[in-house]
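Below, each chain spelled out in residue letters.
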Amino acid sequence: MAGFRSPYTAFYIILTFLTVLSLSTTSASVTSHLCNSSDSGPLEPTTPLISFLERLQSAALGSFGPSSFDPKLYVDLPLKHDLSATEDAFEKLQRSINGTVPRQKLQMFLDEYLGVAGSDLVSVEPADFAREPADFLPKVENPEVRVWALEVHSLWRNLSRRVSAGVKKQHELHTLLPVPEPTIVPGSRFKETYYWDSYWIIRGLLASKMYNTAKAIVYNLISLIEAYGHVLNCARTYCTNRSQPPLLSAMVFDIFKRTGDLDLVRKSLPSLLKEHHFWNSGRHKVTITDAQGVKHTLSRYYAMWNKARPESATIDEETASSFHDASERKHVFRQIASTAESGWDFSTRWMRNASDLATLATTSILPVDLNVYILKMEMVITFFARVVGERSIAQKFSRASQSRQSAMRSIFWNPKESQWLDYWLIANSTCKEAHEWKSCNQNKNIFASNFIPLWIDSFHSDNTLVEEVVQSFVSSGLLHAAGIATSLSNSGQQWDFPNGWAPLQHLIIDGLAKSGSRTARLLAEDIAVRWIRTNYAAYKKTGVMHEKYDVQRCGKVGGGGEYVTQTGFGWTNGVALAFLEEFGWPRRPWRCLPN
């Protein structure tokens with residue numbers, strides 16, 4: 001990998017913010033512009049290989065048709081020959097009058113010049129895997145559930161990969177990045193390391209006593225920070241333009257709690273400082289003045305990209321097809337990539353018009369959960385700095401965490417709703433140095449993210465606050481027979497109702513369980529049982545773990561979005577094991593509750 005280079009060197013210009021229209025604006029006029037009426041934000045350069053694979057992707061859609069077409073497949077294909085020879089052969093392919101390559105001709109080209117997606121990763125047995133680890137899930141008493149838990153545990157072997165030697169020798173033939181250690185991939189189409197998935201994979205690995213495998217994942221993510229200045233959305237060259245929810249600090253902290261590994265802390269701390277800088281400078285940084293005139297600094301998602309995402313280029317081009325102005329198309333692409341950075345791709349949470357994906361406005365939103373993750377990072381850095389004797393760093397980040405907590409109370413907290421609400425940067429102040437807070441700009445819609453601050457110690461240790469939030473949560477409409485819904489909007493997007501996702505279940509349940517409130521603890525256990533039941537029921541029917549579930553009915557798999565529901569599945573496995581470790585399962589027979 002290349003040596004460290006700051007993502008803000010040479011790219012960043014005077015900070016300007018998007019001027020946006022009202023929430024009721026129609027999709028034809030919704031496009032927000034930068035203050036100078038052009039998209040002049042930071043950009044990561046593309047590569048000749050990615051440009052070629054995008055052309056191949058487009059040709060494949062024309063040749064094979066849209067049925068079951070997955071654009072990601074084509075940008076994951078490794079080359080068998082150098083790029084120049086491959087491009088020459090591609091250009092010489094026979095084409096019809098409309099430019100389409102005959103299906104058989106394109107398939108022959110693929111067979112001769114490109115390898116299989118994922119073939120540049122090698123299955124590897126984790127060195128610390130045991131069929132039944134010592135003291136594995138001691139609270140699980142039911143034998144049927146225990147057998148299933150061991151089967152979920154064994155899935156770490158199925159998902160364990162290392163980058164092949166060929167990637168390191170000829171990296172120019174691959175979009176896969178040569179991370180140094182073995183890793184656990186999510187599964188199915190997601191054949192590489194993904195950032196925020198890794199946190200819940202690690203939580204499961206800790207329950208499986210696979211501490212070295214968990215540390216290896218952390219070292220891979222650190223290698224990405226050292227090469228690019230931030231952890232990438234995924235370990236592919238087409239993901240260098242964005243990150244994902246920043247949970248590396250939480251990964252290191254949870255491993256340290258189990259192992260006491262000070263060497264891991266010392267190796268991680270410099271990289272955590274770099275990651276904190278990434279999220280608190282440039283376009284990610286937003287200054288906002290609250291109702292009392294106090295200035296606060298918070299963070300938002302903002303991808304370094306204004307083109308179609310290579311792994312979804314044909315889809316993104318279709319999304320932006322109603323826009324003919326180049327600057328408008330760039331804006332749409334920026335919003336799409338920034339939403340991918342959020343991990344919630346896609347949701348009405350980021351959309352001005354719930355029925356039109358082209359109205360995404362993610363860069364115009366201060367998200368509650370992103371700032372929770374950064375607050376956690378600041379608290380962890382404070383703790384680690386004290387552990388290794390870096391007193392000045394500890395003091396600096398202690399102040400930073402206190403400032404962010406204050407900002408979250410002033411900007412996000414809504415005492416009437418007893419929830420933390422995302423904040424829209426929609427006023428005329430978007431071209432000013434600091435935005436001015438207005439209560440009407442809080443997003444009053446209900447999302448699971450409104451309750452994620454409970455995950456943070458300083459919030460869930462406040463018993464009065466917890467009781468208020470619990471009542472708000474119970475009456476929110478998010479809780480269903482099989483878990484917590486992502487939103488109340490049934491839009492067809494995968495991060496909306498009726499889908500429930502393992503990470504959101506865990507963040508909310510973990511916060512409730514750690515609070516001093518007995519009511520919150522009982523609620524946490526109740527939701528965890530619902531989630532474990534639906535995981536188990538779906539597994540018994542399908543034989544696999546799924547990336548998302550429909551929370552309306554026990555055992556029903558989720559859907560929606562731009563690809564079919566995937567299986568494997570890293571973070572679902574991790575959360576199931578973490579819940580079984582925390583709450584156990586009594587000897588009574590397992591069954592789904594009535595819907």
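Residues numbered from 1 in each chain as written. Predicted model: local features only at pLDDT ≥ 70, side-chain atom pairs only at ≥ 80, totals over all residues. Heavy atoms only, no water.

Looking only at helices and strands, the protein features 19 helices and 16 strands. For 595 residues, the compact-globule formula gives about 25 Å, and the C-alpha radius of gyration of the protein, at 23 Å, lands near that figure. For the C-alpha atoms alone, the extent of the protein along its principal axes is close to 70 × 60 × 50 Å. Per-residue burial for the protein yields a buried fraction of 61% across its 595 residues. Within the protein, residue pairs in contact and separated by at least 24 positions form 72% of the contacts whose partners lie at least 6 positions apart. Accessible surface, the protein as shown: approximately 22100 Å² in total, 52% of it carbon and sulfur. Within the protein, one finds 63 positive and 58 negative side-chain charges whose respective centroids are separated by 2 Å. (Helix = DSSP H or I, 4+ residues; strand = E, 2+ residues; numbered from the N terminus. Rg over C-alpha atoms; globule rule 2.2 N^0.38 Å. Buried < 20%, exposed > 50% of the residue type's maximum accessible area, 1.4 Å probe, protein only. Contact = heavy atoms within 4.5 Å. Areas by Shrake-Rupley, 256 points an atom, 1.4 Å probe, with all protein chains shown as cover. Lys, Arg positive; Asp, Glu negative; His and termini not counted. Charge placed at Lys NZ, Arg CZ, Asp CG, Glu CD.)

Turning next to the sheet that holds strand β7 (residues 295-299). Reading across the sheet, the three strands line up as β7-β6-β12 and stay open at both edges, with mixed pairing between neighbours. If you trace the sheet from one side to the other, it starts and ends with β7 and β12 (435-436), each paired once. The strands touched by helix α14 (residues 391-412) within the sheet are β6 (285-289) and β7, with β7 carrying the most contacts at an inclination of about 95 degrees. (Pairing = 2+ DSSP bridges. Axes fitted to C-alpha atoms, helices over the stretch in contact; angles between N-to-C directions.)

Right, let's talk about unusual backbone geometry for a bit. Here the amide bond leading from Asp345 into Phe346 is cis, since omega sits at 10 degrees, within 30 degrees of zero. Tracing the chain through its elements places Phe346 in the loop between α12 (326-342) and β8 (365-366). Look at the link from Phe497 to Pro498: it is a cis peptide, with omega at 5 degrees. Looking at the secondary structure, you find Pro498 in the loop between β14 (483-484) and β15 (499-501).

The subject of this paragraph is the side chain of Asp254. Counting through the fold element by element, Asp254 comes out in helix α9 (residues 248-259). Excluding residues within four positions of it along the chain, Asp254 makes contact with Tyr199, Arg203 and Leu206.

Residues Asp82, Asp88, Glu91 and Glu172 make up a contiguous surface patch of negative charge. Turning to its location among the elements, Glu172 is positioned in the loop between α6 (165-169) and β5 (183-184). Given the relative accessible area of 42%, Glu172 is considered partly exposed. (Patch = residues over 30% accessible without salt bridge, like charges linked within 9 Å, V, L, I, M, F, W, Y side chains within 5 Å. Salt bridge = Lys/Arg side-chain N within 4 Å of Asp/Glu carboxyl O.)

This part is about the confidence of the model for the protein. Residues shown with low pLDDT carry predicted positions that ought not to be read at fine detail. Taken as a whole, the protein shows an average pLDDT of 92; of its residues, 92% reach a score of 70 or greater. Under a pLDDT of 50 for its full length, residues 1-37 has, in the predicted model, 105 contacts with residues more than four places off or in other chains. (pLDDT = per-residue confidence, 0-100.)

Strand order in this open sheet of three strands is β3-β4-β5, and the pairing throughout is antiparallel. Strands with a single pairing partner mark the edges of an open sheet, and in this sheet they are β3 (121-123) and β5. Taken together, the three bridges between β3 and strand β4 (residues 160-163) define a ladder with antiparallel strand orientation. What sits directly across from Ser123, in β4, is Arg161. Together, β4 and β5 form the strand contacts of helix α5 (residues 143-159), whose direction differs from that of β4 by roughly 20 degrees.

Judged by nonpolar contacts, the single largest core of 187 residues is most densely connected at Leu56, Leu106, Phe109, Trp148 and Leu248. Ranked by residue count, the leading element in this core is helix α18 (residues 518-542), at 12 residues. (Core = buried A, V, L, I, M, F, W, Y, C linked by side-chain atoms within 4.5 Å.)

As paired strands, β6 and β7 are joined by five bridges and run antiparallel to one another. Looking at the pairing, Val286 lines up with Leu298 of β7. The antiparallel pairing of β6 with β7 creates a hairpin that spans five residues between the two strands, and Gly293 there sits at a positive phi of about 85 degrees.

What follows deals with helix α16 (residues 463-474). End to end, α16 covers 16 Å across 12 residues, agreeing with the expected 16 Å (1.5 Å per residue, within 8%). Of the positions making up α16, those classed as buried are Leu465, Val466, Val469, Val470, Ser472 and Phe473. The buried residues of α16 occupy one face: seen down the axis, they fall within an arc of 165 degrees. Within α16, the exposed residues directed more than 90 degrees away from the buried face are Thr464 and Gln471. For α16, the capping residue at the N-terminal end is Asp462, with a side-chain oxygen 3.3 Å from the backbone nitrogen of Thr464. (Expected span 1.5 Å × (residues − 1). Arc of directions from axis to C-beta. Polar contact = N/O pair within 3.5 Å; in protein donor to acceptor, adjacent residues only side chain to side chain.)

What follows concerns the environment of His324. Residue position: His324 is located in the loop between α11 (313-319) and α12. On the basis of relative accessibility, which here comes to 72%, the residue His324 falls in the exposed class. His324 sits 165 residues away from Leu159 along the chain, and the two C-alpha atoms are 43 Å apart.

Now for the pattern of salt bridges. Summed over the entire model, instances satisfying the criterion amount to 26 salt bridges. One salt bridge connects Glu132 with Arg146, and the closest N-O pair in it is separated by 3.5 Å. One end of the pair, Glu132, is in the loop between β3 and α5; the other, Arg146, is in helix α5, with 14 residues separating them in the sequence. By relative accessible area, Glu132 is classed as partly exposed at 48%. Of the residues examined, Arg146 reaches a relative accessible area of 21% and is grouped as partly exposed. A salt bridge links Arg203 to Asp254; its shortest N-O distance comes to 3.2 Å. Here the residue Arg203 occupies a position in helix α7 (residues 197-207), and Asp254 occupies one in helix α9, the gap between them amounting to 51 residues. Summarising the burial analysis for this pair, Arg203 and Asp254 share the class buried. Residues participating in the shared-partner salt-bridge network are Lys72, Asp76, Glu192 and Arg236.

For the pair α18 and helix α19 (residues 570-583), the least separation of the axes is 10 Å and the interaxial angle reads 135 degrees. Here α19 runs oblique to α18, going by the angle between their axes. At the point where α18 passes α19, the crossing takes the left-handed sense. Judged by residue contacts, Arg521, Ala524, Glu525, Ala528, Trp531, Ile532 and Asn535 of α18 engage Thr572, Val575, Ala576, Phe579, Leu580, Glu582 and Phe583 from α19. In terms of residue class, the contact of α18 with α19 is made up of nine nonpolar, two polar and three charged. (Parallel < 35°, antiparallel > 145°, perpendicular 65-115°, else oblique. Left-handed = near helix turned anticlockwise from the far one by under 90°. Nonpolar A, V, L, I, M, F, W, Y, C, P; charged D, E, K, R; others polar.)

Taken together, Leu262, Phe383 and Val387 make up a surface patch of nonpolar side chains, about 200 Å² in accessible area. With respect to the helices, strands and loops of the structure, Leu262 is situated in helix α10 (residues 262-279).

A few words on empty space enclosed by the protein. In this structure the tally under the stated criterion is five cavities of 30 Å³ or more. Here the largest cavity defines a volume of roughly 300 Å³. In this structure, the largest cavity is lined by 23 residues; those nearest its centre are Phe190, Tyr194, Gln244, Asp345 and Tyr563. Looking at side-chain class alone, the lining of the largest cavity contains nine nonpolar, five polar and nine charged residues. The volume enclosed by the second largest cavity comes to roughly 50 Å³. Along its surface, the second largest cavity is lined by Leu121, Arg161, Arg162, Val163, Leu176, Leu177, Val179, Thr183, Glu192, Thr193 and Ala235. The residue makeup of the lining of the second largest cavity, split by class, is six nonpolar, two polar and three charged. (1 Å grid on protein atoms, 1.4 Å probe; cavity = no way out; pocket = protein on both sides within 12 Å on 5 of 7 lines; lining within 4 Å. Points joined across faces, edges and corners; volume = space filled by probe spheres on them.)

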